[in-house]
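Single-letter residue listing:
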Amino acid sequence: MSANKKQFVYGKSLDNALLAVYDAYVFFIRFFREVFRGRMEFQEIVRQCYAIGNKSLLLISLTGFITGMVFTKQSRPSLSEFGATSWLPSLVAIAIVRALAPLVTALISAGKIGSSIGAELGSMRVTEQIDAMEVSAVNPFKFLVVTRVVACTIAIPVLMFYCSLVSLLGAFLNVTLNEGTSFIAFFENAFEQITFLDIWTSVAKAVAYGFTIGIVGSYQGYNASKGTEGVGKAANSAVVTSMFLIFIEEVIIVQVSNYFRI
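Because the structure is predicted, anything quoted here is derived from the model rather than measured. (Residues numbered from 1 in each chain as written. Predicted model: local features only at pLDDT ≥ 70, side-chain atom pairs only at ≥ 80, totals over all residues. Heavy atoms only, no water.)

Novice: Is there a simple way to think about the overall build of the protein in this case?
Specialist: Along its length, the protein carries 9 helices and 0 strands. Shown N-terminal to C-terminal, the secondary structure of the protein runs as helices and strands in the order α-α-α-α-α-α-α-α-α. Scored against the burial criterion, the 262 residues of the protein give a buried share of 44%. Across the protein, every contact between residues at least 6 apart in sequence was considered, and the portion connecting residues at least 24 apart equals 83%. Here the protein displays about 14,200 Å² of accessible surface, and carbon together with sulfur accounts for 67% of that area. (Helix = DSSP H or I, 4+ residues; strand = E, 2+ residues; numbered from the N terminus. Buried < 20%, exposed > 50% of the residue type's maximum accessible area, 1.4 Å probe, protein only. Contact = heavy atoms within 4.5 Å. Areas by Shrake-Rupley, 256 points an atom, 1.4 Å probe, with all protein chains shown as cover.)

Novice: Would you take a moment to explain the layout of surface pockets for this structure?
Specialist: Any empty space left between the atoms is revealed when a probe the size of a water molecule rolls over them. Looking at the largest pocket, its volume works out to about 210 Å³. Lining the largest pocket are Ala20, Val21, Ala24, Phe27, Phe28, Ile215, Val216, Tyr219, Gln220, Thr241 and Leu245. Contributing elements (two or more residues each) for the lining of the largest pocket: α2 (12-35), α8 (196-222) and α9 (228-261). Per-element tally for the lining of the largest pocket: the top contributor is α2, with 5 residues. Residue classes in the lining of the largest pocket are distributed as 9 nonpolar, 2 polar and no charged. Taken together, Val97, Met160, Phe161, Ser164, Leu165, Leu168, Phe187, Phe191, Ile199 and Ser202 form the lining of the second largest pocket. It is helix α6 (residues 140-179) that contributes the most residues to the lining of the second largest pocket, 5 residues altogether. Taken together, the residues of the lining of the second largest pocket break down into 8 nonpolar, 2 polar and no charged. (1 Å grid on protein atoms, 1.4 Å probe; cavity = no way out; pocket = protein on both sides within 12 Å on 5 of 7 lines; lining within 4 Å. Points joined across faces, edges and corners; volume = space filled by probe spheres on them. Nonpolar A, V, L, I, M, F, W, Y, C, P; charged D, E, K, R; others polar.)

Novice: Can you walk me through the environment of Thr176 in this structure?
Specialist: Relative to the helices and strands, Thr176 resides in helix α6. A residue is classified by how much of its surface remains accessible, and Thr176, at 24% relative accessible area, is partly exposed. Placed 10 residues apart in sequence, Thr176 and Phe186 show a C-alpha to C-alpha distance of 8.4 Å. At a separation of 2.9 Å, a polar atom in the side chain of Thr176 contacts the main-chain carbonyl oxygen of Thr181. (Polar contact = N/O pair within 3.5 Å; in protein donor to acceptor, adjacent residues only side chain to side chain.)

Novice: Any chance you could explain the pattern of salt bridges here in plain terms?
Specialist: Taken as a whole and assessed by the stated rule, the structure comprises 8 salt bridges. Notably, a salt bridge pairs Arg76 with Glu179, separated by 3.0 Å at the nearest N-O pair. Residue Arg76 is located in helix α3 (residues 42-81), and its partner Glu179 is located in helix α6; the two are separated by 103 residues in the primary sequence. Arg76 sits in the buried class, given a relative accessible area of 12%. Arg125 is the salt-bridge partner of Asp131, the closest N and O atoms lying 3.2 Å from each other. Since its relative accessible area comes to 14%, Arg125 is described here as buried. (Salt bridge = Lys/Arg side-chain N within 4 Å of Asp/Glu carboxyl O.)

Novice: Looking at this structure, how should I read α6?
Specialist: Because each turn of an α-helix spans 3.6 residues, side chains separated by three or four positions end up pointing in the same direction. The terminal C-alpha atoms of α6, which comprises 40 residues, lie 57 Å apart, in line with the 58 Å expected from a rise of 1.5 Å per residue. Of all the bends in α6, the largest measures some 25° and sits at Val146. With a side-chain oxygen positioned 3.2 Å from the backbone nitrogen of Phe141, the residue opening α6 is Asn139. Positive phi shows up at Gly180, right after α6, with a value of about 70°. (Expected span 1.5 Å × (residues − 1). Bend = angle between axes of the 7 residues up to and from the residue.)

Novice: Can you walk me through the side chain of Ser56 in this structure?
Specialist: Structurally, Ser56 is set in helix α3. Within the local environment of Ser56, its side chain forms a polar contact with the backbone oxygen of Ile52, the two atoms lying 3.1 Å apart.

Novice: Teacher, can you tell me more about a nonpolar patch on the surface here?
Specialist: A contiguous nonpolar patch, built from Tyr22, Tyr25, Val26, Phe28, Ile29, Phe32 and Phe36 and spanning about 730 Å² of accessible area, is present on the exposed surface. As for its placement among the helices and strands, Phe28 is situated in helix α2. What makes Phe28 partly exposed here is its relative accessible area of 33%. (Patch = residues over 30% accessible without salt bridge, like charges linked within 9 Å, V, L, I, M, F, W, Y side chains within 5 Å.)

Novice: Explain α3 to me, please; I cannot follow it from the model alone.
Specialist: Helix length check: α3 (40 residues) gives 55 Å between terminal C-alpha atoms against 58 Å at 1.5 Å per residue, within 8%. Ser56 marks where α3 bends most, by close to 45°. One or two positions beyond α3, positive phi appears at Gly83, with a value near 65°.

Written as structure tokens, this is what we have:
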């Protein structure tokens, strides 16, 4: 019994958790080392950007449009009580640009892209394709991991701007059907309260979310355990961990941006 206890420093669960944190730290540092070492696989990065946009575009379009319509519909009764329905375009624009568009894009991408990266790299690990690349004198980390993380970091901000536009179009449709507001008047009122700080904060959120989705999905897939069960665990862990970290990053970035806003 005492011999088994000596196998662990702080206990089995805590030791495994600390080892997982250390492995993630090593993976994180290796990514930045590989980014600035050797030639970048630009062709693969472009291909991954196209794949990310192609996989997410339809879902983000539908979700963004519905988000804009629903948020506008739910905000109207509260503003009507104070006779402030004219502020509806500004309120919706602030909510979408500051919070909803980056968060909706990130959560959809985490479920769609993060799971795809985890499953793809996990299946390559299980079928020993990554080992074959190493034997063939190809750097699998740079070709598989770096390209996907960089592509996510680039593509998610672009999708965020697209989601903002689609959400505002959904909000405009709801407003014009109820108040008869023109297209020009709606967007003039909408962007009247939007500042450059709001835009740059949204870009910072999208970049952070994209990097998180890419690095977490790649880590889970690249270190997947052997067997088909490991592929499923990698995909599931990529989604859950990415969403958890996205909400933590949301809190941190909001606190920092509010400090500069005051």
